[in-house]
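Here is what each chain is made of, one letter per residue.
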There are 2 protein chains.
Amino acid sequence: MDGTLVEDESVDGGDVGPPGLRVDPVGADGPSADVPLVPGGVIRHKHGYMRRYFFPMEPVPVILTDTNLVKPALSWNLEYLEKNLGDGDFSVFYSKDHKFKYYDQAKYNDKVVPDFTPPMSQATMKFSEFLVKFRQWKHGQPRMYLQHPLNDSVGKAIKDDFLAFNWKWLESVQKEHNWGNLSSNLIYIGMEGNVTPVHYDEQENFFAQVEGFKRCILFPPETFECLYPYPVFHPHDRQSQVDFDKPDFESFPKARHLRGFECVLEPGDVLYIPKYWWHHVESLLGAGHTTSINFWYKSGPLTQVEYPLKPQRKVAMIRNLEKVVTEALGNPFEVGPLFEALALGRYIKVNALSHSELGSLNRYPSKPNPQVSTIE
Amino acid sequence: MDGTLVEDESVDGGDVGPPGLRVDPVGADGPSADVPLVPGGVIRHKHGYMRRYFFPMEPVPVILTDTNLVKPALSWNLEYLEKNLGDGDFSVFYSKDHKFKYYDQAKYNDKVVPDFTPPMSQATMKFSEFLVKFRQWKHGQPRMYLQHPLNDSVGKAIKDDFLAFNWKWLESVQKEHNWGNLSSNLIYIGMEGNVTPVHYDEQENFFAQVEGFKRCILFPPETFECLYPYPVFHPHDRQSQVDFDKPDFESFPKARHLRGFECVLEPGDVLYIPKYWWHHVESLLGAGHTTSINFWYKSGPLTQVEYPLKPQRKVAMIRNLEKVVTEALGNPFEVGPLFEALALGRYIKVNALSHSELGSLNRYPSKPNPQVSTIE
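Residues numbered from 1 in each chain as written. Chains lettered and ligands numbered in written order. Predicted model: local features only at pLDDT ≥ 70, side-chain atom pairs only at ≥ 80, totals over all residues. Heavy atoms only, no water.

K.L.:
Which residues make up the packing of helix α8 (residues 311-329) of chain A against helix α9 (residues 335-343) of chain A, and what are the values?
P.N.:
Residue and element names in this part refer to chain A. α9 packs onto α8 with a crossing angle of 115° between their chain directions and a minimal axis gap of 10 Å. By the angle class used here, α8 and α9 are roughly perpendicular. Here α8 and α9 pass one another in a crossing that is right-handed. In this structure, α8 uses L321, E322, V325, T326 and L329 to contact α9, whose residues at the interface are V335, L338 and F339. Along the lines of polarity and charge, the residues of the contact of α8 with α9 split into six nonpolar, one polar and one charged. (Axes fitted to C-alpha atoms, helices over the stretch in contact; angles between N-to-C directions. Helix = DSSP H or I, 4+ residues; strand = E, 2+ residues; numbered from the N terminus. Parallel < 35°, antiparallel > 145°, perpendicular 65-115°, else oblique. Left-handed = near helix turned anticlockwise from the far one by under 90°. Contact = heavy atoms within 4.5 Å. Nonpolar A, V, L, I, M, F, W, Y, C, P; charged D, E, K, R; others polar.)

Here it is as structure tokens:
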């Protein structure tokens, strides 16, 4: 059951290792005799070996400035797109404020949360129609954000540009880190000041800036506890319940401990957002509209679970526990009370001495222990 | 007194703003009328304005791959250096294990900690002499690590290479982020497997990889609490007391909460290490010797203190408090007991509800409060 619990949803074909920086445990073909033995053992890296330490490691989110990943798209201004994007249908979101908080249409249709009202509305239109509305927009009107997968409906010029993206580099990264398949490319065209509120995705993400400037605020996976994501059955699954404009510290006290890692993307920059990293994305005010393209990759299969579990794996585990229990109970609203009864006054008190609020997702157990109780 | 307390030591000439990503508060020349007002106000950025949120922000450490910063040095193999590095004297450290834990020679000479024994020894030698020893080295002998400032004693070829570094780019970064002066360039030549144990510096750092592969493990400034730095008067000031090979969790329980951000630098890569970020640097085992050059920059002067204080500022404040109290007491060994008497059972208990172990350095006070008591 452990193997299943820590598995995440985005896993797909391939035959080796976890994604991110490659850190395979050293096996039978381990370090040669000239590698001195070290206390904690070593981890294989493509260029050599690294010492093994007692705490979990994560890749650093990186801003890549020399990939030329979407170089042909750097000429995609609105006029060029108008001429060449074709006459397919595009999804355009409308929001009464600056926030475009994603919701899962399928979970909304399920009516699991009966009183859920979508915080934005969605329309489908031709690109030309979008541009007319986009250009005529005035302060006070609902804001607009086009978000649509790039697909076969685009015109020839765009198709040629797309084929001239730096796929060779992408494939080398995909191979090096044992990622799964590319799952989709979205194009985003937004108004200055538009905000995509903080959320996490379950896939690896290269986020390429094409026009305008986007500020990204990043939080590592174990910030889970401070960002209070909605339950998995909720249409806002993977979104934070914390409103950055009006934080409700009474309901979400640990939000006080938030600290953002901040960067501003310029045209040509590519931000690597590792899966399960929280991100808030904001088009700079007073700096014009923004165009971005992203690349989502599934994970390669998990061949070996390493302890202590990384924060990402614990988030995957929490998601799986929520799903299993939601299904078993047959009523999503009994899930919270059941987990409370299971944990409160029992596990948390027992572990009080080693319990820290931000730290409990990446706590190092005195004896590595794959049991469910370690997630507290 | 507040302004002094949060000031850090590396501050030097210039006339504006804090280092890192530029986030000036908007003043009289604030956003133009077409920037919609937002709940928390806005922050000026060189390309526009960003929404202001309730939590502190930090720059992301970045691996830059296209700077060509030390491109001419990429041909600095040992033979080239032997021929061209000149006949100046170089500092070479020797360690009986793989760890080269820095100590402050002046603080050692002060004998403030009477029983301190340096964990490594230092020798001065010509480069040719270093190379003979370096090449003849055998497992079991003390390891070697050359660390020396690049200075006028180098030969003409090296000087020309140095002048052809990408100073133009460096100056643009320095200017954009309002950094102070370049304070030094060190060259590092180490054996595979050498480790520089985790520590922080008080300056901005560009760390350029020239030959071989270095793994860097990074921790953000508020990890201060989990890494238990030595007191400021100790020769190991700015170093962690936690031994990554044999962590003593009884003395340093919060070390259990550590989580590293990991990357491996290849020749040509430049890692930006923001000041006060903790870093452990390790030459990969089985991957040959390593050569690196770094660039340390002082901070520009702090013109305006923003609340909530950033974790870096709180670390600067803690350092200043330690210095003031150490001097006032006249006996460094009374410092710990005094701070304990000041805080224990008083401030910590009062704030128990909002206190988190990892979070207390970046806790958001319910009412932003510049007083000393907020550092707990």
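From this point on, the discussion continues.
K.L.:
Tell me about the nonpolar core, residues and numbers included.
P.N.:
For soluble globular proteins, the rule of thumb is that nonpolar side chains tend to be buried together. Core analysis: the biggest nonpolar cluster contains 124 residues, and F295 of chain A together with F295 of chain B have the highest contact counts within it. Setting aside residues no more than four positions away along its own chain, F295 of chain A makes contact with L69, V70, F165, W167, L170, L182, S184, N185, E204, N205, F206 and A208 of chain A. (Core = buried A, V, L, I, M, F, W, Y, C linked by side-chain atoms within 4.5 Å. Buried < 20%, exposed > 50% of the residue type's maximum accessible area, 1.4 Å probe, protein only.)

K.L.:
Provide a residue-level description of the side chain of K275 of chain A, including the pertinent values.
P.N.:
Along the chain, K275 of chain A falls in the loop between β14 (270-273) and β15 (278-283). Here S299 of chain A takes part through its side chain, which lies 2.4 Å from a polar atom of the side chain of K275 of chain A. (Polar contact = N/O pair within 3.5 Å; in protein donor to acceptor, adjacent residues only side chain to side chain.)

K.L.:
If you had to explain the sheet that holds strand β10 (residues 195-199) of chain A to someone new, which residues and values would you point to?
P.N.:
With mixed pairing, the five strands of this open sheet are ordered in space as β10(A)-β15(A)-β12(A)-β13(A)-β4(B). One side of each edge strand has no neighbouring strand; the edge strands of this open sheet are β10 of chain A together with β4 (57-59) of chain B. Sheet twist, expressed as the average angle between the axes of neighbouring strands with direction ignored, equals 25°. Two strands pair when backbone bridges link them, and β10 of chain A and β15 of chain A are joined in this way by three bridges, in the antiparallel orientation. From the neighbouring strand, H199 of chain A faces β15 of chain A, where its bridge partner is H279 of chain A. (Pairing = 2+ DSSP bridges.)

K.L.:
If you had to explain the sheet that holds strand β16 (residues 290-297) of chain A to someone new, which residues and values would you point to?
P.N.:
All names here are of chain A. Strand order in the open sheet formed by eight strands is β5-β14-β11-β16-β9-β8-β6-β7, and the pairing between neighbours is antiparallel. This sheet does not close on itself; its edge strands, each paired only once, are β5 (62-64) and β7 (121-126). Each strand axis lies, on average, 25° off the axis of its neighbour in the sheet, ignoring direction. Across five bridges, the pairing between strand β8 (residues 143-149) and strand β9 (residues 182-190) is antiparallel. In the strand pairing of β9, P149 is matched with L186. Along the sheet, helix α6 (residues 167-176) makes contact with β5, β9, β11 (204-211) and β16, crossing β16 at roughly 40°.

K.L.:
Give a description of the domain arrangement of chain A that names residues and reports values.
P.N.:
Residues and elements named next belong to chain A. The assigned domain composition of chain A is domain 1 (71-297) and domain 2 (311-360). Between the C-alpha centres of domain 1 and domain 2 the distance comes to 30 Å. For the pairing of domain 1 and domain 2, the buried interface totals around 1,600 Å² over both sides, and the portion due to carbon and sulfur atoms is 64%. Of all residues in domain 1, V232, F233 and Y276 bury the most surface against domain 2, accounting for 33% of the area lost on that side. R319 is the salt-bridge partner of D237, the closest N and O atoms lying 2.7 Å from each other. Taken together, the connections running from domain 1 to domain 2 amount to four residue pairs in polar contact (both at pLDDT 80 or more). (Domains from an automatic or database assignment. Buried area = accessible area lost by both parts, 1.4 Å probe. Salt bridge = Lys/Arg side-chain N within 4 Å of Asp/Glu carboxyl O.)

K.L.:
Kindly report on the packing of aromatic side chains, identifying the contributing residues and their values.
P.N.:
Under the criterion given, the structure shown has 65 aromatic pairs over all chains. Considering the side-chain rings of W179 of chain A and F206 of chain A, the 5.5 Å spacing of their centres and the 50° angle between planes classify their relative orientation as tilted. Taken together, the positions of W179 of chain A in the loop between α6 and β9 and F206 of chain A in strand β11 put the pair 27 residues apart, joining distant regions of the chain. Here the two residues W179 of chain A and F206 of chain A agree in accessibility, since each one is buried. Where W277 of chain A meets F261 of chain B, the ring centres are 5.7 Å apart and the plane angle is 55°; that geometry is what we call tilted. Within this pair, whereas W277 of chain A is found in the loop between β14 and β15, its partner F261 of chain B is found in strand β13 (residues 260-265), the two belonging to separate chains. Take F261 of chain B: its relative accessible area is 4%, and that puts it in the buried class. Members of the aromatic cluster, connected to one another through ring pairs, are Y53, F54 and F55 of chain A together with F219, F244 and F249 of chain B. Across from the ring centre of Y108 of chain A, 4.4 Å away, lies the NZ or CZ of K111 of chain A, which sits over that ring. (Phe/Tyr/Trp six-rings, centres within 6.5 Å; stacked < 30°, edge-to-face > 60°. Lys NZ or Arg CZ within 6 Å of the ring centre and 35° of its normal.)

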